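Here are the chains, one letter per residue:
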Amino acid sequence: LAGFFDVLNPVQVPYIRPSTAGFRIDNTYSTVAGFVQDQLRWGGLNIVATLRWTDLTIDSRDATGAGWTSSTTRFTPRIAAGYDITPWLTVYGGYGSGLRGNPYAIVASGRPQPEESWQWEGGLRLNLPFGLTGNAAIYQITRTNVAVPDPLNPFLSIQTGEQRSRGFELDLLWQPNPRFSAMMSYAYTDAEITKDTVYAVGNAVPYVPRNAFRAFATYRFLDAAVPWMRGLSIGAGLYSASGSPVDAANTARTQGYTTVDAQVAWQSGPLRIALTGRNLTNTRYWQPYQYLGGAVVPGAPVEGLLTASVRF
């Protein structure tokens, strides 16, 4: 302690800045990758195959310069195939694997291994003649080498955890003419813990809403009588999400919410100016806060954003 403060005899105690030498850690992640890819077409069948080689190096140093270096090399293949059933309907499927650094793993050896993942996906693609395009898919993603608490040391981790996400996604875009367009997307995500040392298998992964929905429509004044209005567009829509767990123990869950957004934009050649309004109904809602688990923060209130961009 720097000292005591007596409220009956208030004498300011000199401030002593705490040392950060023991808490400063610098991590550097370096990735070197190369891949070969081939695409085949046979009638209505399309196949894409990719073989990726990745070398992931992690260098960790404290304030004294001491530390460690870890290097992991993996081959991560990916393959996808699609078949055109009709000129406007395609069925497809794919499989892939991935590799990424694990910045939150503090293991006894000091050299955490990267997380690995496997994913499969299948679905349908639409391209109808009256301006409707879309994609519907089901998928599963499995992550391994997830850092979980070490049962022998609460300040360390072991990489025996596993998490799995299964879900359904639907994206639709309707543009019957150049003036009007409307989009809609829906995602259902069932993310759960499948291996852990502390939390129950079957618990939902925190911070992930089970249902999420977005819709937005835009009208462009391409045929306006006033010349400057021909670059004007207006749009409005909404976003809705169900509640999500605030921690891996699933002790509490936030409530679902819906926000309304709108945008007015004007474009002339390469210049575009847009005024975007978010959460126009000033909906009050809470979101999980990813700090130590179990915390929440209020969602953003009504806000406006003015942007300008030039494309070359």
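Residues numbered from 1 in each chain as written. Predicted model: local features only at pLDDT ≥ 70, side-chain atom pairs only at ≥ 80, totals over all residues. Heavy atoms only, no water.

## Concerning the overall build of the chain
When helices and strands are tallied, the chain shows 0 helices and 15 strands. Computed over its C-alpha atoms, the radius of gyration of the chain comes to 26 Å, more than 25% above the 20 Å expected for a compact globule of 312 residues. Counting only residues that meet the buried cut, the chain has 28% of its 312 residues in that class. Restricting the contact set of the chain to residue pairs at least 6 apart, pairs at least 24 apart contribute 51%. About 20100 Å² of surface is accessible on the chain, with carbon and sulfur atoms providing 60% of the total. If the 24 positive side-chain charges of the chain are averaged to one point and the 21 negative ones to another, these points end up 7 Å apart. (Helix = DSSP H or I, 4+ residues; strand = E, 2+ residues; numbered from the N terminus. Rg over C-alpha atoms; globule rule 2.2 N^0.38 Å. Buried < 20%, exposed > 50% of the residue type's maximum accessible area, 1.4 Å probe, protein only. Contact = heavy atoms within 4.5 Å. Areas by Shrake-Rupley, 256 points an atom, 1.4 Å probe, with all protein chains shown as cover. Lys, Arg positive; Asp, Glu negative; His and termini not counted. Charge placed at Lys NZ, Arg CZ, Asp CG, Glu CD.)

## Remarks on the pattern of salt bridges
Tallied over the entire structure, the rule returns 9 salt bridges. Among the salt bridges present, the one from Arg 143 reaches Glu 115, with a minimum N-O distance of 2.9 Å. Of this pair, Arg 143 sits in strand β6 (residues 132-150) while Glu 115 sits in strand β5 (residues 115-127), placing them 28 residues apart in sequence. Its relative accessible area of 24% is what places Arg 143 among the partly exposed residues. Residues Glu 303 and Arg 278 are paired through a salt bridge, measuring 4.0 Å at the closest nitrogen-oxygen approach. Highlighted residues: Glu 303 in strand β15 (residues 303-310) and Arg 278 in strand β12 (residues 271-278), separated in sequence by 25 residues. Sharing partners across several salt bridges, the network here consists of Arg 100, Glu 115 and Arg 143. (Salt bridge = Lys/Arg side-chain N within 4 Å of Asp/Glu carboxyl O.)

## Observations regarding empty space enclosed by the protein
Where empty space is left can be seen by rolling a probe of water-molecule size over the atoms. Per the counting criterion, the structure on display carries 1 cavity of 30 Å³ or more. Reported here for the largest cavity is a volume of approximately 50 Å³. Looking at the lining of the largest cavity residue by residue, the class counts come to 6 nonpolar, 1 polar and 2 charged. (1 Å grid on protein atoms, 1.4 Å probe; cavity = no way out; pocket = protein on both sides within 12 Å on 5 of 7 lines; lining within 4 Å. Points joined across faces, edges and corners; volume = space filled by probe spheres on them. Nonpolar A, V, L, I, M, F, W, Y, C, P; charged D, E, K, R; others polar.)

## Brief notes about the environment of Asn 102
Assignment of secondary structure puts Asn 102 in the loop between β4 (89-100) and β5. With 152 residues separating them along the chain, Asn 102 and Thr 254 place their C-alpha atoms 27 Å apart. Not counting residues within four places of it along the chain, the set of residues in contact with Asn 102 comprises Tyr 29, Pro 112, Gln 113, Glu 115, Asn 145, Val 146, Ala 147 and Gln 159.

## Focus on the pairing of strand β1 (residues 25-42)
The side chains of a regular strand alternate between both faces of the sheet. Sheet topology note: the β1/strand β2 (residues 45-62) ladder contains 18 bridges and is antiparallel. Counted as the bridge partner of Val 36 is Leu 51 from β2. Between β1 and the antiparallel strand that follows it, β2, lie 2 residues; Gly 43 among them carries a positive phi value of about 65 degrees. (Pairing = 2+ DSSP bridges.)

## Some words on the layout of surface pockets
Of the pockets and cavities examined, the second largest pocket occupies roughly 380 Å³. Contributing to the lining of the second largest pocket are 25 residues, with Ile 79, Ala 80, Gly 94, Tyr 95 and Glu 121 lying nearest its centre. Secondary structure elements with two or more residues in the lining of the second largest pocket: β2, β3 (67-86), β4 and β5. It is β4 that contributes the most residues to the lining of the second largest pocket, 8 residues altogether. The residue makeup of the lining of the second largest pocket, split by class, is 11 nonpolar, 10 polar and 4 charged.

## Digging into unusual backbone geometry
The phi dihedral of Asn 145 falls on the positive side, at around 60 degrees, and the residue is not glycine. Mapped onto the elements of the fold, Asn 145 is located in strand β6. Positioned with a positive phi, Asn 250 is a non-glycine residue whose angle comes to about 60 degrees. Within the element layout of this structure, Asn 250 appears in the loop between β10 (232-241) and β11 (257-268).

## Observations concerning the packing of aromatic side chains
Remark: the centre distance and the inter-plane angle together describe each pair of aromatic rings, the angle taken between the planes. Using the criterion set out here, one finds 4 aromatic pairs in the structure. Considering the side-chain rings of Trp 174 and Phe 180, the 5.9 Å spacing of their centres and the 75 degrees angle between planes classify their relative orientation as edge-to-face. Of the residues examined, Trp 174 reaches a relative accessible area of 38% and is grouped as partly exposed. Look at Tyr 219 and Phe 221: their rings are 5.1 Å apart centre to centre, the planes differ by 85 degrees, and that puts the pair in the edge-to-face class. Within the aromatic cluster, the residues linked to one another by ring pairs are Tyr 239, Tyr 257 and Tyr 285. Sitting over the ring of Tyr 92, Arg 125 keeps its end group 4.2 Å from the ring centre. (Phe/Tyr/Trp six-rings, centres within 6.5 Å; stacked < 30°, edge-to-face > 60°. Lys NZ or Arg CZ within 6 Å of the ring centre and 35° of its normal.)

## Remarks on the pairing of β11
Relative to β11, β10 runs antiparallel, the two being bridged by 10 bridges. Bridged to Tyr 239 within β11 is Thr 259. The pairing of β11 with β12 spans 7 bridges and is antiparallel. Bridge assignment links Gln 267 to a residue of β12, and that residue is Arg 272. Joining the antiparallel neighbours β11 and β12 is a turn of 2 residues, in which Gly 269 adopts a positive phi near 60 degrees.

Shape is all these values report; function is a separate question.
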